Amino acid sequence: MSRSGNFETTRRDVLVAGAMTVVATSTTSKAGAQVRGPAGNAGKSSPVGDGPLSKVSMTINGSRRDFELDTRTTLLDALREHAHLTGTKKGCDHGQCGACTVLLDGHRINSCLTLAVMHEGDSVTTIEGLGRPDHLHELQAAFVKHDGYQCGYCTSGQICSAVGVLDEIRAGIPSHVSADLTVAPQLSPEELRERMSGNICRCGAYCNIVDAISEVAGRKA
Amino acid sequence: MKSFTYERAGSPQEAAAAAERTQGAKFIAGGTNLLDLMKLEIETPAHLIDVNGLSLDKIEATDDGGLRIGALVRNTDLAADQRVRRDYGVLSRALLAGASGQLRNRATTAGNLLQRTRCPYFYDTNQPCNKRQPGSGCSAIGGFNRGLAILGASDACIATHPSDMAVAMRALDATIETVRANGEARQIPIADFYRAPGDTPHLENVLMPGELITAAVLPKPVGGVQAYRKVRDRSSYAFALISVAAIVQKDGSGRVALGGVAHKPWRVEAAEGALPRGAKAAAEPLLAGAKTSKENAFKRPLVERTLAAVLTQARS
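Participant: Can you walk me through the environment of S243 of chain B in this structure?
Facilitator: All names here are of chain B. With respect to the element layout, S243 can be found in strand β10 (residues 242-248). A residue is classified by how much of its surface remains accessible, and S243, at 1% relative accessible area, is buried. Separated by 53 residues in the primary sequence, S243 and N296 have C-alpha atoms spaced 14 Å apart. In contact with S243, other than residues within four places in its own chain, are D164, V167, Y228, R229, K230, A257, L258 and G259. Among the polar contacts listed, one links the side chain of S243 to the side chain of Y228, at a separation of 2.8 Å.

Participant: For this particular structure, what's the right way to read the pattern of salt bridges?
Facilitator: If charged atoms from side chains of opposite charge come close, those side chains can pair. All names here are of chain B. On inspection of all chains with the given rule, the structure shows 28 salt bridges over all chains. When the shortest N-O distance is used, the salt bridge between D81 and R83 registers 3.0 Å. Assessed through its relative accessible area of 27%, R83 is described here as partly exposed. A salt bridge links R116 to E204, with the shortest nitrogen-to-oxygen separation between them at 3.0 Å. Highlighted residues: R116 in the loop between α7 (109-113) and α8 (120-123) and E204 in the loop between β7 (185-189) and β8 (212-218), separated in sequence by 88 residues.

Participant: It is not clear to me how the interface of chain A and chain B should be interpreted in this structure. Could you clarify?
Facilitator: Many analyses report the size of an interface as the accessible area lost when the parts associate. Across the contact, 45 residues belong to chain A and 39 residues belong to chain B. Overall, the association of chain A and chain B removes approximately 3400 Å² of surface from exposure, summing both partners, and the carbon and sulfur fraction of that is 54%. Summed over the shared surface of chain A and chain B, the number is one salt bridge. One salt bridge connects K39 of chain B with D93 of chain A, and the closest N-O pair in it is separated by 2.8 Å. Counting the contacts that link chain A with chain B gives 21 residue pairs in polar contact (both at pLDDT 80 or more). At the level of elements, α2 (42-45), β1 (53-60), β3 (101-104), β4 (107-110) and α6 (155-170) of chain A are the ones that each hand at least two residues to the side of chain A that touches chain B. Each residue belonging to the side of chain A that touches chain B can be placed in one class, and the counts come to 14 nonpolar, 22 polar and nine charged.

Participant: Got a minute to help me understand the sheet that holds strand β11 (residues 254-259) of chain B in this structure?
Facilitator: Strand pairing within a sheet occurs via backbone hydrogen bonds; the two strands may be parallel or antiparallel. Residues and elements named next belong to chain B. Taken in spatial order, the three strands make up an open sheet running β9-β10-β11, and their pairing is antiparallel. The open sheet has two free edges, formed respectively by β9 (225-231) and β11, since each of these has just one partner strand. Across the sheet, the mean angle separating the axes of adjacent strands is 10° when strand polarity is ignored. Here β9 runs beside β10; their pairing, made up of seven bridges, is antiparallel. Within β10, the residue paired with V231 across the bridge is I242.

Calculation criteria
Residues numbered from 1 in each chain as written. Chains lettered and ligands numbered in written order. Predicted model: local features only at pLDDT ≥ 70, side-chain atom pairs only at ≥ 80, totals over all residues. Heavy atoms only, no water. Helix = DSSP H or I, 4+ residues; strand = E, 2+ residues; numbered from the N terminus. Buried < 20%, exposed > 50% of the residue type's maximum accessible area, 1.4 Å probe, protein only. Contact = heavy atoms within 4.5 Å. Polar contact = N/O pair within 3.5 Å; in protein donor to acceptor, adjacent residues only side chain to side chain. Salt bridge = Lys/Arg side-chain N within 4 Å of Asp/Glu carboxyl O. Buried area = accessible area lost by both parts, 1.4 Å probe. Nonpolar A, V, L, I, M, F, W, Y, C, P; charged D, E, K, R; others polar. Pairing = 2+ DSSP bridges. Axes fitted to C-alpha atoms, helices over the stretch in contact; angles between N-to-C directions.

This is how it looks when you write it as structure tokens:
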């Protein structure tokens, strides 16, 4: 995202500016009280103030990144606030919604439930590392084609999770709905639904998400 | 989240020594439960000892034909292991019935055993909870307790243990291996690992301060038809209302452990003696002493019916 030298205003800029205004207002009206801005529970879960710092280096989307972080910083917050990769979303921040899903050494995880300092030397792939606007990952293209979203907030997590799901099926990892543990799992809609159950879509685009993943899965099978 | 210092441990004994000498220290591996609780300030460790670098991530055959599962083996890897799928199907099934794909990729064997309860009052820091704050009272008794314990509970706590994996391990008679700061190793049968809540529900297991789980050991395979049936409010990604882990032999004998009904996986010897006579005969001793509320009384018939379904499945 280029911000220098022009007046391009992104949706994120507008949201951040709006948030700042509300925080400023509530600070004025509740002087001295603890301010919890419209970032919801961020006041409690995002590190603020002085905490012990720790150095950590990891590879993000193929590039080595060095950080010195408050030990409380989750991998999700490191990606968004320190590496400025805001494609990974913060939904519930408790591992219940899957919006923060990224690939850690190729395996999908909830980036909100792991500390950045625990990932020295690890390799992280976010939605930005899967494809570019001019060169989409095949799952990104399939989500566009099948309308696998409405608001789009869960989409980066859905797509990172789907990448992990297809790799897991290819590796022969069974699921709760696999009828027989001793044979290779099938690429059925039932399997995809079970395996994607850690990604919530409040808009309810599930049918189209299954269609998008099924199309890519069929191509690879 | 409260601030904390952080270190990476170099060996299991070093980790145990660091935990023993540091006030308020906790181990962290997958972190999927601990960080959730730290964000809510239910857990407030002053120091975290990262054990992910310890070489405890292998599944190895034991001399007597069983399997030693390293403490750091991720839930996905354990469920997918060919030997587990072939010889310990109940364990594979239990793991796959729990959490989500993302969480199973991160959550570890030892961490799964040490999960804290999902009692809503344990999670609500505005409410009294003897497990979170000893002596403060139990909001669940007389409160919203539909999902909570009907067996082995006390006047101080009716929380359930949330693990699916532990229920299967109880049916398989797993042993938990640990190491302490002085290098002393222990083998704890899973039957003796969890404590009854009694007056001290904040003490959940028999681990000593600083003691680190290094492995879970399964005895040699017992064969039979193995099944794990989990009943929950939605078909995926939810904790159990009740669950049944069963290993049924051709002659109708077998083993049964229940999840979602007590502070630990629930297994009763007398119930297994009655198993060849069917679900009704086995459910009676299994549920002996059950204490239900209006909200969770449904768990009693649900256990019997789920057991009946599992036995039918095993015999078909």
